[in-house]
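# Report on the structure
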Amino acid sequence: MRKFKRAVLLLLIAALLLPSLCACADKQSQKVIGTCAGYDVLYEELRYVTLSYKDMFAATYGKEIWDTPESAEKYRAELEGVVWDMMLNNYAVLATCAYYMDASSINDSGIDEAVDAQVQEAMEESGGKSAFRDSLKEMYMTEHFLRFCLRVAQLENELLYVLCDDLGVIENDLDRFIAWLEDGNFRYVQHVFISNDPGDDVEENRATAEEIRRRLLEGEDISTFVGSAVNEDLQNAAPYFLVKDVYVDEMESAAFSMHFIGDVSRVVEVDTGFYVMVLLEHNESSLLLQASDLLTSYQWAKVEEEVETFRPKIELELNDYGKSIDLLAIQ
């Protein structure tokens with residue numbers, strides 16, 4: 001639950017790794033729908049984001065929600081809200097880069113060479129150019145938009161180095177970071193997670209989380225729940241260092257409200273479900289061994305925090321064509 005909100009890039013990675021519904025190619029993919037942060041915004045990006053979220057909505061609310069105009073209309077406002085918000089993500093990164101980096105760095109040929117290498121690797125892993133393009137088509141993707149997303153990701157990597165190494169805006173000294181951690185800026189925790197899966201009763205999940213919390217307060221060991229079917233975060237079976245400014249606000253607030261070993265957090269509600277955490281005793285050597293990775297996570301969270309400050313400063317200005325597009329009609 002870290003503050004990494006590069007959701008378009010995350011959707012992209014998911015699209016390349018996971019099967020999806022088949023979709024026909026759109027001949028209008030290169031049409032400009034507007035501008036944002038000085039860049040032309042193309043239809044291919046809007047189509048990708050819209051159809052990806054329509055799939056997510058169908059998984060959450062039922063695959064039949066898009067079957068009729070009447071049913072789809074019920075979800076119009078929510079879909080439009082999330083899609084138009086998501087459309088700002090890449091351009092917030094680009095706007096941040098434009099502020100901190102010079103034009104020669106942004107347009108460096110090395111960025112494009114890195115993108116070419118990533119695309120070539122993806123082609124080889126897909127079994128060739130034809131199979132690669134077929135896979136992209138099935139994921140609502142075009143190679144042009146893929147390259148754009150990968151270029152934004154490369155620039156964000158460069159932005160990290162600029163903010164850490166060149167400008168010193170973000171801490172880059174491991175010893176100072178460790179001293180900061182030891183000054184009360186982490187909690188060593190374990191959690192149980194109850195996921196709000198499609199079709200779940202959210203209030204029932206909340207009640208389950210509250211029951212787990214009650215039993216933990218009565219002294220039951222958290223390992224009883226972590227290794228059981230009730231815990232739906234099996235990738236996080238071991239305790240971990242929750243560092244300040246790295247995790248979403250809800251988790252951070254709950255974690256830093258715990259002050260003694262064995263303390264139990266309140267039930268933490270996030271978009272995807274409910275967490276209950278327990279404060280555990282940490283080993284100093286373990287902290288030192290993980291400090292470098294923790295610093296990297298901290299640095300990326302700070303980059304994302306900086307990017308977020310630019311979101312209110314940019315706007316997607318639609319042209320007449322862009323204004324005419326009905327998200328519900330996109331296929």
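Rules and cut-offs
- Residues numbered from 1 in each chain as written.
- Predicted model: local features only at pLDDT ≥ 70, side-chain atom pairs only at ≥ 80, totals over all residues.
- Heavy atoms only, no water.
- Helix = DSSP H or I, 4+ residues; strand = E, 2+ residues; numbered from the N terminus.
- Rg over C-alpha atoms; globule rule 2.2 N^0.38 Å.
- Buried < 20%, exposed > 50% of the residue type's maximum accessible area, 1.4 Å probe, protein only.
- Contact = heavy atoms within 4.5 Å.
- Areas by Shrake-Rupley, 256 points an atom, 1.4 Å probe, with all protein chains shown as cover.
- Lys, Arg positive; Asp, Glu negative; His and termini not counted.
- Charge placed at Lys NZ, Arg CZ, Asp CG, Glu CD.
- Patch = residues over 30% accessible without salt bridge, like charges linked within 9 Å, V, L, I, M, F, W, Y side chains within 5 Å.
- Salt bridge = Lys/Arg side-chain N within 4 Å of Asp/Glu carboxyl O.
- Phe/Tyr/Trp six-rings, centres within 6.5 Å; stacked < 30°, edge-to-face > 60°.
- pLDDT = per-residue confidence, 0-100.

### Examining the overall build of the chain
Check the secondary structure of the chain and you find 15 helices and seven strands. Relative to a compact globule of 331 residues, whose C-alpha radius of gyration would be 20 Å, the chain shows 22 Å and is just as compact. Across the 331 residues of the chain, 47% fall into the buried class. Within the chain, contacts between residues at least 6 apart in sequence are counted, and of these 75% link residues at least 24 apart. For the chain, the computed accessible surface area is about 17000 Å², with 50% contributed by carbon and sulfur atoms. Of the charged side chains in the chain, 28 are positive and 62 negative, and the gap between their average positions amounts to 4 Å.

### Let's talk about a negative patch on the surface
On the surface, Asp197, Asp200, Asp201, Glu204 and Glu232 cluster together to form a negatively charged patch. Within the element layout of this structure, Glu204 appears in helix H11 (residues 202–217). The exposure class of Glu204 is exposed, given its relative accessible area of 53%.

### Quick look at the packing of aromatic side chains
Under the counting rule described, the total for this entry stands at 18 aromatic pairs. Taking the centre distance of 4.7 Å and the plane angle of 45° together, the rings of Tyr188 and Phe241 count as tilted. Taken together, the residues span a long stretch of sequence, with Tyr188 in strand E3 (residues 186–195) and Phe241 in strand E4 (residues 240–243) at a distance of 53 residues. Taking relative accessible area as the criterion, Phe241 reaches 2% and is therefore assigned buried.

### Digging into the pattern of salt bridges
Applying the stated criterion across every chain yields a total of 18 salt bridges. For Arg133, the salt bridge identified is with Glu143, shortest N-O distance 3.1 Å. Taken as a pair, Arg133 in helix H8 (residues 129–138) and Glu143 in helix H9 (residues 143–166) lie far apart in primary sequence, 10 residues in all. Using a relative accessible area of 43% as the deciding quantity, one classes Arg133 as partly exposed. The closest approach of N and O atoms between Arg176 and Glu171, which form a salt bridge, is 3.1 Å. Note on Arg176: relative accessible area 52%, which makes it exposed.

### So, the confidence of the model for the chain
When pLDDT drops low, the exact placement of atoms in the prediction is not to be read closely. For the chain, the average pLDDT comes to 91, and 92% of its residues sit at 70 or higher. Across residues 1–25 the pLDDT falls below 50, and counting only partners more than four positions away or on other chains, this stretch makes 69 contacts in the model.

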